[in-house]
Amino acid sequence: MTSDQNSKTPKNLTRRSFLKASSAAVAAGAAGSFALAGCTPKEEPRTTAVEPLDSDVTQKFSFCGICSANCAMVAEIDDNGRAVQLKGNPDDQVAQGKLCVKGYAALKDLYDPDRLKYPMKRTNPEKGPGVDPGWTKISWEEAYKLTADEFNKARENHGPESIAFFSRGHPWMNRLREAIGTPNHIQHHSTCFTTYTAIWRACVGTGNRPFMLDVANSNYLLSFGWDMPSKAKNMSARDYVQALQKGAKSVVVDPKLTVTATLANEWVPIKPGTDLAFMLAMINVILDEDLYDHEFVNNYTQGIEELREAVKEYTPSWAEDKTDVPAGTIYRISREFATNKPALIPNHKRDAGGPNHVNSWRAAFTILILNSLVGSMDREGGQIIGRTPSFDVSFNSLFPAPDMPSMRTDRIDGFEKHPIIGPTRRGDFSTVTDAILTEKPYPLKAALVRKHNVLAFPDAVKSTEALKKLDFLAVIDIWPSEMVQMADVVFPESYFLETWGMGNRSYFAMYPQIALREPIIEPLHDTKGYGGIIEGIAQEMGLGHYFANVSGGRLRDEQLKSVGSSWEELTNSPNGLWSDEKPFTPRTSWPTDSGKIELYSNKLKEAGYDPLPYWQPKREMPSDDYPFYMIISRPGMHKMSQTQNNYLMLQEYPENFVIMNTDKAHDMGISHGQELYVESRAGKIKLKAHLTNGIRPDCVCVEHGFGHWSQKLSLAYQRGANEGDLIPRINIQEMLEIKDPGAGSAMNDFCVRVYKA
Ligand SMILES: Nc1nc2c(c(=O)[nH]1)N[C@H]1C(S)=C(S)[C@@H](COP(=O)(O)OP(=O)(O)OC[C@H]3O[C@@H](n4cnc5c(=O)[nH]c(N)nc54)[C@H](O)[C@@H]3O)O[C@H]1N2
Ligand SMILES: Nc1nc2c(c(=O)[nH]1)N[C@H]1C(S)=C(S)[C@@H](COP(=O)(O)OP(=O)(O)OC[C@H]3O[C@@H](n4cnc5c(=O)[nH]c(N)nc54)[C@H](O)[C@@H]3O)O[C@H]1N2
Ligand code: SF4
Ligand SMILES: [Mo]
């Protein structure tokens, strides 16, 4: 990516000129979302110990790389070249001048002394928690050579499929994977959102990012676990508050009293994994009482009669027992939802329709159906199909590949066996563990991991064992994570604030907008970008010709040109953005075979799944051995396992807890702060009790991200525990038997016992 350096240095705006240009927009975006998260100071937060300067400071543009909202940022740099403050870009439709607490604190990550600073190799062949890898500093050349030699060895001795890439999608990585000839690209998505993707692919025809919502303009918000305002997602919290201020009614159905629920008009503490029953009954009432939007349903959907037939047994009285919600409440909410337009069941990723239970894909289906029945699909105040820029240039079209080797189609994680979700190549963190351990369908010998942590794999203990079985593991990371501690060779990547890039707003886009990312400072350490690291490995493997003339800068430029801009224009833009702000025009057709939203899904039927959303219970129910439902969530102040080494975030949320019902705990003789074991059929963790009556007595909840065992993470080390040790992993055979078109990892579908440590 050498042409990165060729771009013109963008204008160095002064802080004052920038603020003057944007003060109106800042005021408009200031709805108090941070108070929601309960974690951000009321004043403009200071993200470093360095006080802001009175004199003018240089400003640079970036967008946040911590979560997928990609809020556009403005960074302030002092005379010594030190970044002193990050702010939200006021002209960004997502940030609207504000970041969330994690975004503001990203400078602490940038300057974290624990960051990886140079390539390293392991000298101790033993691996695992408590083992010192014996890191030695090596040159980039040696790191490339070691990796290339091991990959070539695996390829020659065991076939190219014995190599896997664990990474989010990336064209450079994909080119190398295809040049090697392995089908094994493993991503985390079956733990995160593939139940939604599968349903949208089957019923709407587009499934990439079905999380775009117009919450702010909704008049009735019915959340089945949608909880983005509690996650400190600034834009979601802002939109939620705006809707409430305009008089919208909010009902939150969640076993736990979340921040979203505390602001709602009504909290309905449902039994986990039973939302499907609630929603089937809602469909029943809305059809039975003829409350659906005839205009929308007749013009834009198909299958209403089949749906009517499918739900006729699912009355609110039928659902009452299953859900623990009185039939009268289900009747009332159904009627309110259908008659207070625009009404919306918002969804993100891990709520009722996310891959939490074996029946969650059906809940994703009923969410889609209910939003369609009230005419809220791609309508103001409803579910939106994101208005992302449409580039007609891709990496492959701009840099066509030389001939690729043939490749076997069966993957190590069996993901290709799922007809609806398989083609997305999202991959499966759950099945891969047993596949490595049993060497079925074939042995995996070497892997390259980028931006994934083993703490995020279901049954993390067993997954760590599986990694030990590999002959060779290379890891690209920013921090000395647990995945890094398992590596043979470590490549340090530059932090997002040190790199060039552009973000095309794949989430939360009401109109096409592209954000510029420029390095706010030069890389602090001897680090490189992902594409460059891939090219380095390819060269050493003798596959350099697959990357001839490839350039990140050129790709960005051509993509921008295809929407009428250019890299030069973007880098000179006064606000670091390219925007095509146009009024919202509702969709009148959908990219399915019928051109309509398919409430009866032919695609699901052809693929061997139920074409309509019938009732199915969750997999594991409370028993004498494991009497509590387990709920996994995440705190607003942390992003997965990435922020526990951030001093500012730790001040707000220093460790995770077992959240349980106060009355229930007292019955069991458990007091607040007491150390407890939480045990499932997969494993056991130790954590302190956090008591609240804002959770059902039959549930316990643990928030994810803690339990770091890497001693090199000096602040995060040994805080809290990883609830992922409790999640039963699923093997390929079981996954096929579950028959979930989204191949979800059923992250919450297990029960636990809790006892004093
Ligand atoms: N601050 C912060 N924000 C994040 C992240 C982060 O790590 N930190 N991670 C990002 C990522 S990768 C993801 S996938 C999303 C996930 O974020 P969310 O989609 O919000 O997922 P969760 O917090 O796991 O669960 C959401 C809610 O579902 C409830 N719930 C659990 N089981 C049930 C059930 O059976 N029925 C109902 N109705 N509710 C249930 C939980 O109590 C919780 O309140 O967040 C993203 N945003
Ligand atoms: N137990 C449990 N497991 C889960 C979940 C859960 O709630 N509980 N949630 C699931 C969900 S929703 C998701 S999305 C997945 C996420 O799965 P992962 O993405 O694997 O999880 P993270 O904890 O975010 O780990 C990211 C890793 O990337 C590194 N990193 C951060 N930024 C960069 C970068 O710019 N470059 C590189 N090279 N590395 C970087 C971090 O140091 C960290 O090691 O986890 C899933 N697994
Ligand atoms: S919501 Fe927070 S973490 Fe996510 S992109 Fe925006 S500032 Fe970053
Ligand atoms: Mo996720």
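What comes next concerns the included structure. (Residues numbered from 1 in each chain as written. Chains lettered and ligands numbered in written order. Predicted model: local features only at pLDDT ≥ 70, side-chain atom pairs only at ≥ 80, totals over all residues. Heavy atoms only, no water.)

**Notes on the overall build of the chain**
- Along the chain, the regular secondary structure elements total 26 helices and 28 strands.
- In terms of overall size, the chain behaves like a compact globule, its C-alpha atoms giving a radius of gyration of 25 Å where 757 residues would be expected to give roughly 27 Å.
- The proportion of buried residues among the 757 residues of the chain is 63%.
- Of the contacts made within the chain by residues no fewer than 6 positions apart, 76% connect residues no fewer than 24 positions apart.
- For the chain, the accessible area works out to roughly 26800 Å², and carbon and sulfur atoms hold 47% of it. (Helix = DSSP H or I, 4+ residues; strand = E, 2+ residues; numbered from the N terminus. Rg over C-alpha atoms; globule rule 2.2 N^0.38 Å. Buried < 20%, exposed > 50% of the residue type's maximum accessible area, 1.4 Å probe, protein only. Contact = heavy atoms within 4.5 Å. Areas by Shrake-Rupley, 256 points an atom, 1.4 Å probe, with all protein chains shown as cover.)

**A look at the site of ligand 2**
- Neighbouring residues of ligand 2: 27 residues in total, closest A456, D477, E493, S641 and E723.
- In this structure, a nitrogen atom belonging to ligand 2 sits 3.0 Å away from a main-chain N or O atom of I476.
- Relative to its free-state accessible area of 920 Å², ligand 2 is covered by the protein chains to the extent of 95%.
- Of the residues that constitute the shell around ligand 2, the class distribution is nine nonpolar, 10 polar and eight charged. (Near = heavy atom within 4 Å. Polar contact = N/O pair within 3.5 Å; in protein donor to acceptor, adjacent residues only side chain to side chain. Nonpolar A, V, L, I, M, F, W, Y, C, P; charged D, E, K, R; others polar.)

**Focus on the nonpolar core**
- The biggest cluster of nonpolar side chains holds 103 residues, and the ones touching the most others in it are L222, F278, F337, L373, L497 and I520.
- Tallying contributions element by element places helix α10 (residues 275-288) first for this core, with 10 residues.
- In this structure, this core is formed jointly by two domains, domain 1 (213-384) and domain 2 (628-756), each of which donates at least three residues.
- Beyond its immediate stretch of four places on either side in the chain, L373 contacts I283, I286, L287, Y292, D293, V297, I304 and L599.
- One finds W140, F399, L543 and F547 within the second-largest nonpolar core, a separate group that totals 36 residues. (Core = buried A, V, L, I, M, F, W, Y, C linked by side-chain atoms within 4.5 Å. Domains from an automatic or database assignment.)

**Details of helix α17 (residues 431-438)**
- In terms of burial, α17 is a largely internal element, six of the eight residues being buried.
- Tucked into the core, α17 has its buried residues touching β7 (163-166), β8 (185-186), α18 (460-469) and α26 (732-738).
- Residue E439 follows α17 closely and has a positive phi angle near 60 degrees.

**Quick word on the sheet that holds strand β11 (residues 249-253)**
- Read from one edge to the other, the open sheet built from four strands follows the order β12-β11-β10-β14, with strand pairing classed as parallel. The open sheet has two edge strands with one neighbour each: β12 (266-268) and β14 (343-344).
- Note that strand β10 (residues 220-224) and β11 share five bridges and pair parallel. Its bridge partner being in β11, L222 is matched across the sheet by V251.
- The sheet strands contacting α10 are β10, β11 and β12, and the helix crosses β10 at an angle near 145 degrees.
- With respect to the sheet, helix α14 (residues 327-339) is in contact with β10, β11, β12 and β14, its orientation differing from that of β10 by roughly 135 degrees. (Pairing = 2+ DSSP bridges. Axes fitted to C-alpha atoms, helices over the stretch in contact; angles between N-to-C directions.)

**Quick look at the sheet that holds strand β28 (residues 751-756)**
- Pairing is mixed around the closed barrel formed by six strands, whose spatial order is β23-β27-β24-β26-β25-β28. Looking at each pair of strands side by side, their axes are set apart by 45 degrees on average, direction ignored.
- Sheet topology places strand β24 (residues 657-661) next to strand β27 (residues 699-703); two bridges connect them, and they run antiparallel. Opposite I659, over in β27, you have C701 as the bridge partner.

**Quick word on the packing of helix α5 (residues 140-158) against helix α20 (residues 530-541)**
- At a minimum axis distance of 8 Å, the contact between α5 and α20 shows a crossing angle of 60 degrees. If you check the angle between α5 and α20, you find them oblique. The interaxial crossing formed by α5 with α20 has right-handed handedness. For the pair α5 and α20, the contacting residues are W140, Y144, K145, T147, A148, F151, N152 and R155 in the first and G532, I533, G536, I537, E540 and M541 in the second.
- Grouping the amino acids of the contact of α5 with α20 by side-chain chemistry returns seven nonpolar, four polar and three charged. (Parallel < 35°, antiparallel > 145°, perpendicular 65-115°, else oblique. Left-handed = near helix turned anticlockwise from the far one by under 90°.)

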